[in-house]
Amino acid sequence: MKGDIQKSLEIYKEQLSNGFIQTAYIALTKYVAELKGKFPQNYSTSNIGFGYLDYTYFYFTNDYVKNKSLKFALVLNHEKMQFELWLCARTANIQKQYWNLLKDSRWNKNVEVMPKYYVLEVVIETQIDFNAKEKMTSNIIDNAVSSALEIENYLQTLDCKIQVCRQCSKEIS
């Protein structure tokens, strides 16, 4: 049924006419803007990306990940109705490099193929509940920041291993 554009347009129009989709979408996108506004100042954040009713997100970075041509994204996955943290690369080549480094990490357990938009994903919040908005906001920001720090620490460990391997190679030659 996904291939029938005319039928899809009719369903889309019908769903829009009841107003629920607009109300939910506006609330969710405003909430992502709210999260961005409350994000810790030690990270720089990007503008919000609104996607195609699939993802709403903003990037955040610090000097360490930026120098590696990486960035984090705090993502609202509309289909799954959950918040996710993505580690993204600035280019497809860099994404492939980091995928090869991180594909066997605990974050990519059971992921067989490199994802289209990111190197790794951490589910941050699965219960979107505006009746407990303050607690949800705190959880999302705290979990995003702690997961980002954990990933950074892992990358720093990899940096050390790579440097040791390079030094060993030099000493052997």
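The notes below deal with the structure included here. Please read these numbers as outputs of a predicted model, since none were measured by experiment.

Some words on the overall build of the protein
Item 1. When helices and strands are counted, the protein shows five helices and five strands.
Item 2. Counting helices and strands in the order they occur from the N terminus, the protein gives α-α-β-β-α-β-β-α-β-α.
Item 3. Counting only C-alpha atoms and orienting by the principal axes, one finds that the protein spans roughly 70 × 40 × 25 Å.
Item 4. Within the span of the protein, comprising 173 residues, buried residues form 35% of the whole.
Item 5. Of the contacts formed within the protein by residues at least 6 apart in sequence, a portion of 48% connects residues at least 24 apart.

Some thoughts on the side chain of E125
Item 1. Residue position: E125 is located in strand β5 (residues 120-125).
Item 2. As a buried residue without a salt bridge, E125 has its nearest oppositely charged side chain in K135, at a separation of 7.8 Å.
Item 3. In terms of polar contacts, E125 uses its side chain to reach the backbone amide nitrogen of Q127, at 3.1 Å.
Item 4. Excluding residues within four positions of it along the chain, E125 makes contact with Q82, F83, M136, N139 and I140.

Description of the nonpolar core
Nonpolar side chains in soluble globular proteins tend to be buried together.
Item 1. Core analysis: the largest hydrophobic core is formed by 36 residues, its most contacted members being F39, F60, L87, I151 and L155.
Item 2. When contributions to this core are tallied by element, the ones reaching two or more residues are α2 (20-37), β2 (55-61), α3 (63-67), β3 (70-77), β4 (82-89), α4 (92-102), β5 and α5 (133-172).
Item 3. With nine residues, α5 is the single largest residue contributor to this core.

Description of the pairing of strand β1 (residues 44-49)
Item 1. Of the pairings in the sheet, the one linking β1 to β2 comprises four bridges and is antiparallel in character. Paired with S44 across the strands is T61, a residue of β2.
Item 2. Hairpin remark: β1 followed by β2, antiparallel, with five residues in the connecting loop; positive phi at G51, about 55°.

Comments concerning the pattern of salt bridges
Item 1. Counted under the stated rule, the structure contains three salt bridges.
Item 2. As a salt-bridge pair, K133 and E34 come within 3.0 Å of each other at their nearest N and O atoms. With K133 in helix α5 and E34 in helix α2, this pair connects stretches of sequence that are 99 residues apart.
Item 3. For E34, a relative accessible area of 29% corresponds to the partly exposed category.

Examining the packing of aromatic side chains
When we look at a pair of aromatic rings, we describe it by the centre distance and by the angle of the planes.
Item 1. A full pass over the atoms with the stated rule returns 13 aromatic pairs.
Item 2. Centroid distance Y55 to W86: 5.0 Å. Interplanar angle 75°. Geometry classified as edge-to-face. Within this pair, whereas Y55 is found in strand β2, its partner W86 is found in strand β4, the two being separated by 31 residues in sequence.
Item 3. Judged by its relative accessible area of 21%, Y55 falls in the partly exposed class.
Item 4. Taken together, a centroid distance of 5.4 Å and an interplanar angle of 20° make the contact between F60 and F72 stacked. You can see F60 sitting in strand β2 and its partner F72 sitting in strand β3, a full 12 residues away along the chain.
Item 5. Among the aromatic residues, those joined into a ring-pair cluster are F39, Y43, F58, F60 and F72.
Item 6. A cation sits over an aromatic face here: K71 above Y59, 4.0 Å from the ring centre.

Thresholds, definitions, all that
Residues numbered from 1 in each chain as written. Predicted model: local features only at pLDDT ≥ 70, side-chain atom pairs only at ≥ 80, totals over all residues. Heavy atoms only, no water. Helix = DSSP H or I, 4+ residues; strand = E, 2+ residues; numbered from the N terminus. Buried < 20%, exposed > 50% of the residue type's maximum accessible area, 1.4 Å probe, protein only. Contact = heavy atoms within 4.5 Å. Lys, Arg positive; Asp, Glu negative; His and termini not counted. Salt bridge = Lys/Arg side-chain N within 4 Å of Asp/Glu carboxyl O. Polar contact = N/O pair within 3.5 Å; in protein donor to acceptor, adjacent residues only side chain to side chain. Core = buried A, V, L, I, M, F, W, Y, C linked by side-chain atoms within 4.5 Å. Pairing = 2+ DSSP bridges. Phe/Tyr/Trp six-rings, centres within 6.5 Å; stacked < 30°, edge-to-face > 60°. Lys NZ or Arg CZ within 6 Å of the ring centre and 35° of its normal.

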